[in-house]
Amino acid sequence: QVQLVESGGRLAQAGGSLRLSCAASGRRFSSYTMGWFRQVPGKEREFVAAISRSGRSTYYADSVKGRFTTSRDNAKNTVYLQMNSLKPEDTAVYYCAADEIPFSMRLGPADFGSWGQGTQVTVSS
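Rules of the game
- Residues numbered from 1 in each chain as written.
- Predicted model: local features only at pLDDT ≥ 70, side-chain atom pairs only at ≥ 80, totals over all residues.
- Heavy atoms only, no water.
- Helix = DSSP H or I, 4+ residues; strand = E, 2+ residues; numbered from the N terminus.
- Rg over C-alpha atoms; globule rule 2.2 N^0.38 Å.
- Buried < 20%, exposed > 50% of the residue type's maximum accessible area, 1.4 Å probe, protein only.
- Disulfide = S-S within 2.5 Å.

S.K.: What am I meant to see in the overall build of the protein here?
M.R.: Per the secondary structure count, the protein includes zero helices and 11 strands. When the helices and strands of the protein are listed from N to C terminus, the series reads β-β-β-β-β-β-β-β-β-β-β. Computed over C-alpha atoms, the radius of gyration of the protein comes to 13 Å, within 12% of the 14 Å expected from 2.2 N^0.38 for 125 residues, which places it in the range of a compact globule. The principal-axis extent of the C-alpha atoms belonging to the protein is close to 40 × 25 × 25 Å. Per-residue burial over the protein gives 44% buried out of 125 residues.

S.K.: Help me understand the state of the cysteines, please; the structure alone is not making it clear to me.
M.R.: Disulfide: a covalent bond connecting the sulfur atoms of a pair of cysteines. As enumerated under the stated definition, the model contains one disulfide in all. The disulfide that involves C22 links it to C96, with 1.9 Å between the sulfurs. Because the torsion about its S-S bond is 50°, the bridge between C22 and C96 counts as right-handed. Residue C22 is located in strand β3 (residues 18-24), and its partner C96 is located in strand β9 (residues 92-99); the two are separated by 74 residues in the primary sequence. Of the two residues, C22 and C96, neither departs from the other in class, the shared state being buried.

What follows is the structure, encoded as structure tokens:
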């Protein structure tokens, strides 16, 4: 398994931007499909975005499409989530996830075996 550490979460104003980072340990980062999920208390973990091993393919939840962008730097073992035009409903704990699985547009939490500890994003109106 790979170890993941998220960072970048903080309080932001609606309409503002944040960039989350997820740093991975190990030497096989380029073999992992990466995902971003978010969760609010009392609700299930929700898919946000996924990115293929090479970074050439990405997929987003409808709720963030056009506002969020995920990218990765395999040389730095890091995946990013650029969050623009933030809304109060984006408030959640954000998690990155990894697994050696084929990229697809149907990935859910059960597909990923490695998770970070999460980083809190709070968007005020």
